[in-house]
Amino acid sequence: MEPIYLTIALDTPLDRLFDYRWLPEDGCPLPEIGQIALVPFGRQEIAGLIVGISQQTEVPADKIKTVLAVRHQCPSLSPQWIDLCRFAADYYQRPLGEVAIPALPKNLRVPKATSLDRNLKKLAKLQLAHEHDATPNQEPILNAEQQAAVETIASTAGFASYLLYGVTGSGKTEVYLQTAARVLASDSQAQILILVPEINLTPQLEGNIRQRFSGIQIATLHSGMAEGERLLHWLAAHTGEARIVLGTRLAILSSLPHLKMIVIDEEHDPSYKQQEGLRYSARDLAVWRAHQLAIPVVLGSATPSLETWQHAKAGRYRKLELRQRAVQSAVLPVVKIVNTEREKPSEGLTQRLVTAIRLRLEKGEQSLLFLNRRGYAPVIHCDACGWISNCTRCTAHLVMHKLDKKLRCHHCGLEQRIPRNCPTCGNVDLQPLGRGTQRLEEGLKTLFPEARVFRIDADSTRLKGSAEAAFDTVHRGEVDILIGTQMVAKGHDFKNLTLVAALNPDSALFSQDFRASERLFAQLMQVAGRAGRAGQKEGGNLSEVLIQTRYPDHPLYHALMAHEYPRFADDLLEERQQAAMPPFIYQALLRAEARELETAIAFLQMASQCEPVQAHVGITMNDPIPMTMVRVHNVERAQLLVESNSRPALQAFLKDWIAELRSMKVRVKWGVEIDPVDI
Ligand code: ADP
Ligand code: ZN
Ligand code: ZN
């Protein structure tokens, strides 16, 4: 038999595929496209994806290397899956292997995949879910709007992109679940992919799904899983055993041979954008994937991203609206503005807020204080000489963490003991400036010694599983006053919460990032939406939201008071259109890092003038600028923004441009991001 040549995608920055020779062995089946092969690469043995099989190769016979093994145990990845990776690679300007290989579980990629056989056997016994102890829960009767949404989505033939736009507590989850039930019932193999921003923060949803679909295999995929576990769940999805896959953004690249519907909960959430490596948008890939497979995709939110909102306005996405809260007596909370210029806060709390909390305590109701800043104080300083605690490696302050007596940089992780006296003048009276969640907690405990005060932030939930436990504590009613960062804003259905306060949201109003106000609005709307979800209790307080601000007249807060997302979004869109900003134009960002800022800027300067820039039309090059936070961990960073009002023009330019940049020998680390969200 003649040798066979396999074309293989490998996880290397080299923008090409690699040919290897495959030698038949007795009893060994022929390799197939979509299988994983182990090959020698340099001095390593690495796993790659077979994307082509041929009788010829252009690699000379004395240069070609031989495949070490083919993973026959693992069923082949489908042509559709390879096409999805190919699209992502093309769109985000990366080699195919850099997209496809990292999307596979590590245990499939390591040379000795000993656990693979074991896992495949385990899979056959279906041990993924704790289905056995789950008692199926009752489906509530849908209201008319929910019913209409379910009908529309479930009866979709072919591709359709839906925006499920519903106020907080309007029962979007119920729409996902009942639509899913319909899709699963209509096709005995159908698989459904549900993406959420963070699984650990939404254990309720996972619990609900497991209860509702007892007897059905459910796989979960997120970054916090151990490798063995991840392989098991990935295989369950890949073999079609798991009918529902619940995951975070990385799950969008999982293999789902019978995928029939995709749901993206809280579609506006920034966590759908990967911020390192392949900087993809899971939301955008989901829409592409749905289109490829001719299936529906549902994007749910109370505050859709402006991109999605614009698609809906233009009729590319179909808007399904839920105008009311689902629970009968639950109305949206009243949003009130507290002007902190007039009512000076003490310990971060205005008198009005203190009174409001007291009313909750009297009725045994819960309050939530939202402060998006962890630690005790964002900085400490010396009154005598003006010294402040700066990080020596970053353009950032060291944050005071009083509990562990540390100063800590939230960007590079640098840690120091809190100095007893000023490092420059010796003054012993160093003062914390500003307020983080720890300091707020301390103040509240003094003010309300009888109350059970509880803090949830990245520091209090560092241990695995502790976030879940913390939320359980709140749900069990063992907390009177909950303090939290954005972690507490997401998706929780707190039943006894009637007061939400946002303590210091103003800084985002004046951010350089043009998306900051869109994000702030979404965040405040979400956190406000935690109040009053279970409905008005007899004799209880009305649910309310207090925003403590120095800018009581800001339009953002007024839109929030009126629960008027559409007007707010329309106004922002108009501004964006006039200023020629996304979603009306398309952007890419070239980032450069070097020891010295000048080196990075010089590289970007050169890049902005190189040959492809001259050759392409319709491309706008901005000036290279230092990033807002110039230095992180002793590396200086700069960026160059490229814009175009044609996506294809931008794509064509980037292809040539990146090829040119790759061919240059430079001492900077650089990378291109398509559709950047942090500029
Ligand atoms: P959203 O995701 O839109 O914020 P949820 O799906 O969490 O809202 O629903 C809010 C609450 O309303 C939940 O407690 C849910 O069980 C309840 N709910 C949803 N739909 C209905 C319905 N049709 N009848 C009664 N309660 C419902
Ligand atoms: Zn000093
Ligand atoms: Zn630092």
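Please refer to the structure higher up on the page.
Residues numbered from 1 in each chain as written. Chains lettered and ligands numbered in written order. Predicted model: local features only at pLDDT ≥ 70, side-chain atom pairs only at ≥ 80, totals over all residues. Heavy atoms only, no water.

Asks: Give a detailed account of empty space enclosed by the protein, specifying residues and quantitative values.
Replies: One pass over the full model with this rule turns up one cavity of 30 Å³ or more. Each pocket or cavity is described by its volume, and for the largest cavity that value is around 40 Å³. Of the residues assigned to the lining of the largest cavity, the class counts are four nonpolar, one polar and three charged. (1 Å grid on protein atoms, 1.4 Å probe; cavity = no way out; pocket = protein on both sides within 12 Å on 5 of 7 lines; lining within 4 Å. Points joined across faces, edges and corners; volume = space filled by probe spheres on them. Nonpolar A, V, L, I, M, F, W, Y, C, P; charged D, E, K, R; others polar.)

Asks: Let's hear about the coordination of the zinc ion (ligand 2): which residues, and what values?
Replies: Bound to the zinc ion (ligand 2) on the protein side are C382 (SG), C385 (SG), C422 (SG) and C425 (SG), at distances that span 2.2 to 2.4 Å. Angles of 103 to 113° at the metal separate the four donor atoms of the zinc ion (ligand 2), which places the site in the tetrahedral class. For the zinc ion (ligand 2), all donor residues lie on one chain, and their spacing in sequence is C-x2-C-x36-C-x2-C. (Donors = N, O, S within 2.8 Å, 3.2 Å for Na, K, Ca; no water. Tetrahedral: all angles 85-135°; square planar, octahedral: opposite > 155°, others 65-115°.)

Asks: Describe the packing of helix α14 (residues 516–528) against helix α16 (residues 565–578), listing the residues and the values that go with them.
Replies: Interaxial distance between α14 and α16 falls to 11 Å at its minimum, and their mutual angle equals 170°. The angle between the axes of α14 and α16 places the two elements in the roughly antiparallel class. Contacts between α14 and α16 pair S517, E518, F521 and M525 from the former with Y565, F568, L572 and R576 from the latter. (Axes fitted to C-alpha atoms, helices over the stretch in contact; angles between N-to-C directions. Helix = DSSP H or I, 4+ residues; strand = E, 2+ residues; numbered from the N terminus. Parallel < 35°, antiparallel > 145°, perpendicular 65-115°, else oblique. Contact = heavy atoms within 4.5 Å.)

Asks: Account for the environment of S511, with residues named and values stated.
Replies: Inspection of the secondary structure assignment puts S511 in the loop between β22 (497–502) and α14. Judged by its relative accessible area of 36%, S511 falls in the partly exposed class. From its side chain, S511 meets the backbone nitrogen of D513 in a polar contact 3.0 Å long. (Buried < 20%, exposed > 50% of the residue type's maximum accessible area, 1.4 Å probe, protein only. Polar contact = N/O pair within 3.5 Å; in protein donor to acceptor, adjacent residues only side chain to side chain.)

Asks: Tell me about the pattern of salt bridges, and name the residues and values.
Replies: Under the criterion given, the structure shown has 43 salt bridges. Residue R212 is joined to E174 by a salt bridge in which the shortest nitrogen-to-oxygen separation is 2.8 Å. One end of the pair, R212, is in helix α7 (residues 203–212); the other, E174, is in helix α6 (residues 172–186), with 38 residues separating them in the sequence. You'll find R212 and E174 in the same group, each marked buried. For E415, the salt bridge is made with K406, and the minimal N-O distance between the two is 3.6 Å. Under the relative-accessibility criterion, E415 is labelled partly exposed at 40%. For K406, a relative accessible area of 24% corresponds to the partly exposed category. Salt bridges sharing partners connect three or more residues here, namely K273, R279, R591 and E673. (Salt bridge = Lys/Arg side-chain N within 4 Å of Asp/Glu carboxyl O.)

Asks: I'd like a description of unusual backbone geometry, backed by residues and values.
Replies: Cis geometry is found at the peptide bond from P582 to P583, where omega equals 5°. Within the secondary structure layout, P583 lies in the loop between α16 and β24 (586–594). Within the chain, H633 stands out as a residue other than glycine whose phi angle is a positive 50°. Within the fold, H633 resides in the loop between β26 (625–632) and β27 (635–644). Looking at H633, the relative accessible area reads 40%, which means it is partly exposed.

Asks: Would you mind going over the site of ligand 1 in detail, with residue names and values included?
Replies: Near ligand 1 you find 18 residues, and of these I141, Q146, G169, K172 and D493 are the closest. At 2.9 Å, a side-chain N or O of K172 approaches an oxygen atom of ligand 1. Out of a free accessible area of 560 Å², ligand 1 has 78% covered by protein chains. In this structure the site holding ligand 1 corresponds to the second largest pocket. Take the shell around ligand 1: its biggest share by element is three residues, from α6. Across the shell around ligand 1, the residue classes break down as six nonpolar, seven polar and five charged. (Near = heavy atom within 4 Å. Areas by Shrake-Rupley, 256 points an atom, 1.4 Å probe, with all protein chains shown as cover. Sits in = over half its atoms within 2 Å of the grid points.)

Asks: Report on the layout of surface pockets, specifying residues and quantitative values.
Replies: Approximately 960 Å³ is the volume found for the second largest pocket. Lining the second largest pocket are 44 residues, and of these G171, T173, E174, D493 and R533 sit closest to its centre. The dominant element in the lining of the second largest pocket, judged by the number of residues it contributes, is α7, at six residues. Looking at side-chain class alone, the lining of the second largest pocket contains 14 nonpolar, 19 polar and 11 charged residues.

Asks: Break down the sheet that holds strand β9 (residues 244–247) for me, citing the residues and quoting the values.
Replies: Strand order in the open sheet made by the seven strands is β8-β9-β7-β10-β11-β6-β12, with parallel pairing throughout. Strands with a single pairing partner mark the edges of an open sheet, and in this sheet they are β8 (218–221) and β12 (318–322). Across the sheet, the mean angle from the axis of one strand to that of its neighbour is 20°, orientation sign disregarded. The pairing of strand β6 (residues 160–166) with strand β11 (residues 296–301) spans six bridges and is parallel. Residue pairing in the sheet places S161 in a bridge with V297 of β11. Across the face of the sheet, helix α9 (residues 282–293) comes into contact with β6, β7 (191–195), β10 (259–264) and β11 while running at roughly 155° to β10. (Pairing = 2+ DSSP bridges.)

Asks: Can you lay out the packing of aromatic side chains for me, pointing to particular residues and giving the numbers?
Replies: On inspection of all chains with the given rule, the structure shows 13 aromatic pairs. Taken together, the ring pairs in this structure connect Y165, W309, F521, Y565 and F568 into an aromatic cluster. (Phe/Tyr/Trp six-rings, centres within 6.5 Å; stacked < 30°, edge-to-face > 60°.)

Shape descriptors only; they carry no functional weight alone.
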